[in-house]
Amino acid sequence: MSHICLTYHIVWRTKCSKRSINEAHERDLFAYIFGICKEKKCTLYRVNAMQDHVHMCIEIHPTIALSDFMKALKQSTSSWMKEHKEMFPFFDSWGNGYAAFTYAVKDRPNVINYIRNQKEHHKTFDFREEYESLLIEFGLDPKTDKFLED
């Protein structure tokens, strides 16, 4: 039996960073995301969103590739949000790609807390600043990154 423990901090955004995740119904979206994670035998520790992006702290089941999981998650949530246009009237689609960062188990509480406090955090920093700081933390160059382009 294999033993794998990878804590991911995953971020994805709406197409063109359009502010289309309605705060009044974000908990419905979170419940839907939780259901997908449970169905795929993943452990979702925390999910939170702003109007233009989503963060989650998760362990993905070792039988599922990260890219396959994110493709399924984005496709399914996109369809669901479009079916529920009354809750998300401005949602068109998700932006290209996603960002996934791995953390040690000992860092999981910090990642969960960071995601929990998104609303407060974004009173000071916009999404671009937040995302670029994550890239820098992981030794990546924000100037060459294409995640924020549609």
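As a reminder, the structure under discussion sits directly above these lines.
Residues numbered from 1 in each chain as written. Predicted model: local features only at pLDDT ≥ 70, side-chain atom pairs only at ≥ 80, totals over all residues. Heavy atoms only, no water.

Caption draft 1: Structural detail: the nonpolar core. Residues Ile10, Trp12, Ile33, Met56, Ile58 and Phe69 are the most contacted members of the largest nonpolar core, which totals 27 residues. Looking at this core, the elements that each hand over two or more residues are β1 (7-13), α1 (26-39), β2 (43-50), β3 (53-59) and α2 (66-83). Of all the elements, α2 adds the most residues to this core, at 6 residues. Setting aside chain neighbours within four positions, we find Ile58 in contact with Leu6, Thr7, Tyr8, Ile10, Cys37, Cys42, Thr43, Leu44, Tyr45 and Phe69. (Core = buried A, V, L, I, M, F, W, Y, C linked by side-chain atoms within 4.5 Å. Buried < 20%, exposed > 50% of the residue type's maximum accessible area, 1.4 Å probe, protein only. Helix = DSSP H or I, 4+ residues; strand = E, 2+ residues; numbered from the N terminus. Contact = heavy atoms within 4.5 Å.)

Caption draft 2: Fine view of the side chain of Arg13. Considering the arrangement of structural elements, one finds Arg13 in strand β1. Under the relative-accessibility criterion, Arg13 is labelled buried at 1%. A polar side-chain atom of Arg13 sits 3.0 Å from the main-chain carbonyl oxygen of Phe147. A distance of 3.0 Å separates a polar atom in the side chain of Arg13 from a polar atom in the side chain of Asp150. Not counting residues up to four positions away in its chain, the partners in contact with Arg13 are Asp52, His53, Trp94, Gly95, Phe127, Phe147, Leu148, Glu149 and Asp150. (Polar contact = N/O pair within 3.5 Å; in protein donor to acceptor, adjacent residues only side chain to side chain.)

Caption draft 3: Region of interest: helix α5 (residues 127-137). Among the residues making up α5, those that are buried are Phe127, Glu130, Tyr131, Leu134 and Leu135. Down the axis of α5, the buried side of the element spans an arc of 140 degrees, and every buried residue falls inside it. The N-cap of α5, judged by a side-chain oxygen 3.2 Å from the amide nitrogen of Arg128 a few residues on, is Asp126. Within two residues after α5, Gly139 carries a phi angle of roughly 75 degrees, on the positive side. (Arc of directions from axis to C-beta.)

Caption draft 4: Local environment of the packing of aromatic side chains. Applying the stated criterion to the full structure yields 8 aromatic pairs. Ring centres of Tyr32 and Trp80 lie 4.9 Å apart, and the angle between their planes is 15 degrees; this geometry places the pair in the stacked category. Within this pair, whereas Tyr32 is found in helix α1, its partner Trp80 is found in helix α2, the two being separated by 48 residues in sequence. Taking the relative accessible area as the measure of exposure, Trp80 reaches 12% and is therefore buried. Taking the centre distance of 5.4 Å and the plane angle of 90 degrees together, the rings of Tyr103 and Phe138 count as edge-to-face. With a gap of 35 residues between them, Tyr103 in strand β4 (residues 99-103) and Phe138 in the segment after α5 connect regions that are remote in the sequence. Judged by relative accessible area, Tyr103 falls into the buried class, the value being 15%. (Phe/Tyr/Trp six-rings, centres within 6.5 Å; stacked < 30°, edge-to-face > 60°.)

Purely spatial values, then, with no claim about function.
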